[in-house]
Amino acid sequence: MRVVTTGERHATIDRALRLLGLGAGALEPVATDAQGAIDVADLARVLAGAPPGPTIVCLQAGNVNSGAFDDLAAATAAARNHGAWVHVDGAFGLWAGANPTTRHLVAGIAAADSWATDGHKWLNVPYDSGYVFCAHPEAHAAAMSYTAAYLTGQGQGGLRAPGDYVLESSRRARGFATWAALRQLGRTGVAELVEGCCALARRFADQLAAADGVAVVNDVVLNQVLVRFDDSDDMTDHVIEAVQRSGECWMGGTTWHGMRLMRISVSSWRTTAADVDRSVATILAISRGIAG
Ligand SMILES: *Cc1c(COP(=O)(O)O)cnc(C)c1O
């Protein structure tokens, strides 16, 4: 089994391959562009490096650092040429598809074989609410389902048996929180949630990028903003640490393209423009204080 994906994949893909017994050695890395999206020409080159055989191409809808989206249409076409299964990791980014102004980012996603996304990120439902969508229900059920003589109720009366689609035989009604959130928000509510977070991410980016010595290093296409202070790893780490200590807001750090960066991810329905303005004021005051 070949698993073809970029060097900017989410780290959980490596773990999943270890758990599945395929091993992280099954990974064949593909190059990325300046924003961390897949280089489709390099994907075609890597795929052509071995004859067609069981292959998964894992694409990304929402880079965990930059928010960048792979060109899903072009990458899927390249994968199809090689008979590969196309999986899309859209843990937070898949939600772009629920908002008219960001929907273009997931263009072509319908042609994929499977998608994964989370409810506990952008939908703001409690951990642990992950979802998988598989375009091949027979293959999906064939992989997951089982029967045993002592069991009753599985698939009886033509009803869908939940246990035929997940790994667990016994689990609580995780879907309930998701159902309730979608019922309450409706189609427009989900779109507004996504759009609102994206607008606030741009607000962060615009205000921070306007300050001396502060750079936003990614194209803010979604809800992710990567910020660098004084073009210095040390300075950036000092600012992150001091902002966290201030208690005013919490931003994590990351390393992306060889740089230490502050990683801002706007994902809560409760975040307001006033919260962003206060956070920016704190971040800038702290960075100026450190710079002396
Ligand atoms: C969060 C995330 C994951 C992992 O999801 P969990 O629900 O935390 O297991 C995978 N891929 C991307 C892009 C993510 O942001």
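Quick note: structure is the one above.
Since this is a predicted model, take the numbers as computed values, not measurements. Throughout this document, residue positions are counted from 1 along each chain, in the order its sequence is written. Note on the predicted model: pLDDT of at least 70 is required for a residue's local features to be given, and 80 or more for side-chain atom pairs to be given and counted; whole-chain, interface and lining totals, by contrast, use all residues. Values reported for side chains reflect all heavy atoms of the structure, with hydrogen atoms and water molecules removed beforehand.

## Things to note about the nonpolar core
Formed by 61 residues in total, the largest nonpolar core has its most connected members in L43, F204, L208, M262 and I264. Here the element with the most residues in this core is helix α5 (residues 175-209); it accounts for 11 residues. Residues in contact with M262, not counting those within four places in the same chain, are V225, L226, V227, F229, T236, V239, I240, V243, M251, G252 and I283. Grouped together as the second largest cluster of nonpolar side chains are 6 residues, V3, I13, A26 and L27 included. Only buried residues count toward a nonpolar core, which is a set of Ala, Val, Leu, Ile, Met, Phe, Trp, Tyr and Cys residues joined through side-chain atoms within 4.5 Å. Whether a residue is buried, partly exposed or exposed follows from its accessible area with a 1.4 Å probe, protein chains only, as a fraction of its type maximum: under 20%, in between, or over 50%, in that order. In this text, helices come from DSSP runs of H or I with a minimum length of four residues, and strands from runs of E with a minimum of two, each type numbered from the N-terminal end. A contact between two residues is defined here by any heavy atoms of the two lying within 4.5 Å.

## A look at the layout of surface pockets
The computed volume of the second largest pocket comes to approximately 330 Å³. Around the second largest pocket, the lining comprises 17 residues; the ones closest to its centre are C249, W250, M251, S265 and T271. Top element by residues in the lining of the second largest pocket is helix α7 (residues 273-291). It accounts for 4 residues. Polarity classes work like this: nonpolar for Ala, Val, Leu, Ile, Met, Phe, Trp, Tyr, Cys and Pro, charged for Asp, Glu, Lys and Arg, and polar for all others, with Gly in that last group. Counted by class, the lining of the second largest pocket contains 7 nonpolar, 6 polar and 4 charged residues. Here a cavity is any set of points on a 1 Å grid over the protein atoms alone where a 1.4 Å probe fits but cannot get out, and a pocket is any open set with protein on both sides within 12 Å along at least 5 of 7 lines; a residue lines the site when it has an atom within 4 Å of a point. Grid points are joined across faces, edges and corners, and a volume is the space filled by probe spheres set on the points.

## Some points on the packing of aromatic side chains
Stacked, edge-to-face and tilted are the three classes for Phe, Tyr and Trp ring pairs, Trp counted by its six-membered ring, which pair at centre distances within 6.5 Å; planes under 30 degrees apart are stacked, over 60 edge-to-face, the rest tilted. Inspection of the entire model under this criterion finds 2 aromatic pairs. A centroid spacing of 5.6 Å and a plane angle of 50° characterise the contact between W115 and F133, whose relative ring orientation is tilted. Of this pair, W115 sits in strand β5 (residues 114-118) while F133 sits in strand β6 (residues 130-134), placing them 18 residues apart in sequence. The class for W115 is partly exposed, based on a relative accessible area of 24%.

## Description of unusual backbone geometry
With omega at -5°, the peptide bond leading from Y127 into D128 counts as cis. With respect to the helices, strands and loops of the structure, D128 is situated in the loop between β5 and β6. Here the phi dihedral of D230 falls at roughly 55°; this positive angle occurs in a residue that is not glycine. Mapped onto the fold, D230 is located in the loop between β8 (224-229) and α6 (233-246). Residue D230 is classed as partly exposed on the basis of its relative accessible area, which comes to 41%.

## What to know about the site of the ligand
Any residue with at least one heavy atom within 4 Å of a molecule or strand is counted as near it. Within the structure, the ligand sits among H10, T12, G62, V64, D89, A91, F92, D118, H120 and K121. At a separation of 2.9 Å, an oxygen atom of the ligand approaches a polar side-chain atom of K121. Compared with its free state, where it exposes 380 Å², the ligand has 75% of that area covered by protein. For the shell around the ligand, the per-class residue count stands at 3 nonpolar, 4 polar and 3 charged. Nitrogen and oxygen atoms within 3.5 Å of one another constitute a polar contact, given that in protein one can donate a hydrogen and the other can accept it, and given that sequence-neighbouring residues count only through two side-chain atoms. Each accessible area is a Shrake-Rupley result for a 1.4 Å probe, and residues are judged covered by the shown protein chains and nothing else.

## A few points about the side chain of S287
With respect to the helices, strands and loops of the structure, S287 is situated in helix α7. In this structure S287 touches F229, M235 and V239, once residues within four positions along its chain are discounted.

## Topic: empty space enclosed by the protein
By rolling a water-sized probe across the atoms, one finds the places where empty space is left. Throughout the structure, instances matching the rule amount to 1 cavity of 30 Å³ or more. By volume, the largest cavity amounts to about 50 Å³. Lining the largest cavity, in full, are H10, Q60, G62, V64, D89, A91, F92 and K121. Looking at the lining of the largest cavity residue by residue, the class counts come to 3 nonpolar, 3 polar and 2 charged.

## Here we look at the pairing of β5
Within β5, 4 of the 5 residues are buried, which leaves it mostly tucked inside the rest of the structure. Pairing between strands is defined by DSSP: at least two bridges between them are needed. In the sheet, strand β4 (residues 85-89) pairs with β5 via 3 bridges, with the strands oriented parallel. In the sheet register, D89 faces β5, and the bridge partner there is A116. Bridging between β5 and β6 involves 5 bridges; their strand directions are antiparallel. Counted as the bridge partner of W115 is F133 from β6.

Bear in mind that shape data such as this cannot, by itself, settle questions of function.
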